[in-house]
Amino acid sequence: VTEPQDLSLRQQADAIAAGNLDPSELLDATLARIAARDGDLNSTPIVFPDEAKAMLAASARGPLRGVPVTVKDMYALPWRGARNGTSVELIPPSASGGFRRLQEAGAIVVGVANQHELGMGTTGVLSGYGRHMNPWNLRRSPGGSSGGSAAAVSARLVAGSLGSDSGGSTRLPAAYCGVVGLKVTYRAIPYDGYFGRGTTFSAPGVFCRDAGDARFFAAAMLQRPLPRTDVSRLRVGIVTSPMWDDCDPATRAAVDATVDACGWERVELDVPSLPLATATTMVRLSSEVGTPAPDVVDAISPVTRAVLLASLLRPVNAVAAADRVRAALRREVAAAFEMCDVIAWPASPAPAPLQDAPFVALPSGTTPVDVANVRQSGLANLCGVPGISIPAGFVEGMPVGLQLLAPWGDEGCLLDAAEHVEEETGRRFVDQVPPIALVQ
Amino acid sequence: MPLTIRCTLVVEEFTVWARGVFERAGYTVSDDDLALIELINSAGEAGLAALAAADIERYPHEPVDPSRAP
């Protein structure tokens, strides 16, 4: 470690609290690093030097006092409205619930994290701020929709970022960028000023370099302690088909080996309605996001515009069917958690695709990456339960993640499991640093 | 006076119907928009077809409260 931005979130907070690190120096160094390193990455297109200094001057003596973070464009800030990855202000400026939790913890918002336009994709190829890239390979996707959050943490621009997750938008980019991404339980923090406030599935998500940092950040956001417990005897629920079977074989093997390393008991699960979960998620997503006013639709990219307009053509009976299936899925997942402590499968079915070729080759065939990704992630959103992606290996030089889901409100179990994974794998995945982060 | 009925291709019917839906909602769409919409619909077609084909009687209607644990 040669610069303060390279310290972990906990180390930054501890050093500031102990008087060993001047938060003004950390802030200046963070802004300088974003300016120097983020050019091709484009993870943090908007920075707030003046507002960040004002936040620092008035910062609360909370657990994150003086620690710089970025915030996804779905949260309104007192000095800037939320644009949700477009060029149009969609929510007016305010101290959103997410912002207030950061402020009360003493964190400093240094910039807006780039994201897939309107949160309607898992690649980051479309954004009002321009496409953003993966720190491990600047030709590949950082994931989405919170791709800027994951990329900034992976590239050591900031040690923490607040994102969101409406259909995997925290877990997928975390997997692609080799960081920890925790989607919290639905409605676990205040939703005012948050673009997902009108949905039945969107939830905030935190990004950090490792599980210890994620625990620290999540406890501050949830405003409750998340003490560590022993999870060496965890029961892990496995749904073999299609969640493991229909993944890129190398990704499946890497994630499977990581689960093996943990020594946990595996429990085969049957979730009968799971084959319908992808369509159910997509129908609910499109029906709830709705279609913005014509002037907004005219200001977004043609593809996102078409995605939004397509939802207007969807028959109402599809929504009715999706709601019935969703109710069944929620019952089936509740029953599954009677048999296991967490449910596990690869966070994404394959490593990050090239931004110019957003498809994945799976045993079932070549598939648009968004469809394949939502299949791996939508269940947690339909059920509102927390989920996490933990670095679990490398394929083609790119990170892949292990996804775990836990019962409602049990973020602590996921963080315990994530720390166990890191220990049992000798931290050899979580401590890997992308090449861009080694350039001083 | 006898009514004249003209048959059109299905794809043209889709286009006319879709344009009507969008215009009623206040959106003006181009041919490119419609082509993209058809492409997007085709990407999720298999899943949606499975949902449409599901035996809905297996899934009794029950209210979902998303703010409570399943």
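For every chain, the first residue of the written sequence is number 1, and numbering continues from 1 along that sequence. Here chains are named by letter from A upward and ligands by number from 1 upward, in the order in which they appear as written. Restriction of local features to residues with pLDDT of at least 70 applies here, the model being predicted, together with a cutoff of 80 or more for giving and counting side-chain atom pairs; totals for whole chains, interfaces and linings are based on all residues. The side-chain numbers reported here are obtained from all heavy atoms of the structure, hydrogens and water having been left aside.

**A closer look at the nonpolar core**
Keep this limit in mind: To qualify as a nonpolar core, a set must consist of buried Ala, Val, Leu, Ile, Met, Phe, Trp, Tyr and Cys residues joined through side-chain atoms within 4.5 Å. The classification of residues rests on relative accessible area computed with a 1.4 Å probe and restricted to protein chains. Under 20% of the type maximum is buried, over 50% is exposed, and intermediate values are partly exposed. When checking whether two residues touch, look at their non-hydrogen atoms; a contact exists if any pair is within 4.5 Å.
Within the largest apolar cluster, 120 residues are counted, with the highest numbers of intra-cluster contacts made by Leu 102, Phe 217, Ile 388, Leu 402 and Leu 404 of chain A. In contact with Phe 217 of chain A, not counting residues within four places along its chain, are Leu 9, Leu 64, Val 69, Leu 102, Gly 160, Ser 161, Leu 162, Val 206, Phe 207 and Cys 208 of chain A. One finds Leu 313 of chain A together with Phe 14, Ala 18 and Tyr 27 of chain B within the second-largest nonpolar core, a separate group that totals 12 residues.

**Considering the sheet that holds strand β6 (residues 203-208) of chain A**
Adjacent strands of a sheet form backbone hydrogen bonds with each other and so pair up, either parallel or antiparallel. Residues and elements named next belong to chain A. Worth spelling out the cut-off: A pair of strands counts as paired when DSSP detects no fewer than two bridges linking them. Note on conventions: DSSP H or I runs of at least 4 residues are helices, E runs of at least 2 residues are strands, and numbering of each starts at the N terminus. As a rule, the C-alpha atoms of each element are fitted with a line to give its axis, helices using only the stretch in contact, and angles between N-to-C directions run from 0 to 180 degrees.
Here we have 11 strands laid out as an open sheet, ordered β1-β3-β2-β4-β6-β5-β12-β13-β9-β7-β8, and mixed in their pairing. At either margin of the open sheet sits one strand with a lone partner, and together these are β1 (46-47) and β8 (265-268). The pairing of strand β9 (residues 342-346) with strand β13 (residues 398-405) spans four bridges and is classified as antiparallel. Bridging from a neighbouring strand, Ile 343 pairs with Leu 405 of β13. Across the sheet, helix α3 (residues 49-57) is in contact with β1 and β3 (108-113); its angle to β3 comes to roughly 150°. In the packing of helix α12 (residues 316-339) onto the sheet, the strands contacted are β7 (235-238), β8, β9 and β13, and the crossing angle to β9 comes to about 105°.

**Notes on helix α8 (residues 249-261) of chain A**
Along an α-helix, residues three or four positions apart point the same way, because every turn accommodates 3.6 residues. All names here are of chain A. What counts here: The span expected for a helix works out to 1.5 Å for each residue beyond the first. The reported arc concerns the directions from the helix axis to the C-beta atoms and nothing else.
Here α8 spans 18 Å end to end across 13 residues, near enough to the 18 Å set by a 1.5 Å rise per residue. The complete set of buried residues in α8 reads Thr 251, Ala 254, Val 255, Thr 258 and Val 259. Along the axis of α8, the buried positions cluster into a sector of 135°, meaning they face one direction only. Opposite the packed face of α8, turned more than 90 degrees from it, sit the exposed residues Pro 249 and Asp 260. Buried residues along α8 sit against β8, β9, β12 (387-395), β13 and α14 (411-424). Positioned one or two residues after α8, Gly 263 has a phi angle of 70°, which is positive.

**As for the environment of Gln 103 of chain A**
All names here are of chain A. In this structure, Gln 103 sits in helix α4 (residues 97-105). Judged by its relative accessible area of 39%, Gln 103 falls in the partly exposed class. C-alpha of Gln 103 to C-alpha of Met 55: the two residues are 48 residues apart in sequence and 7.9 Å apart in space. If sequence neighbours within four positions are ignored, Gln 103 has contacts with Met 55 and Ala 60.

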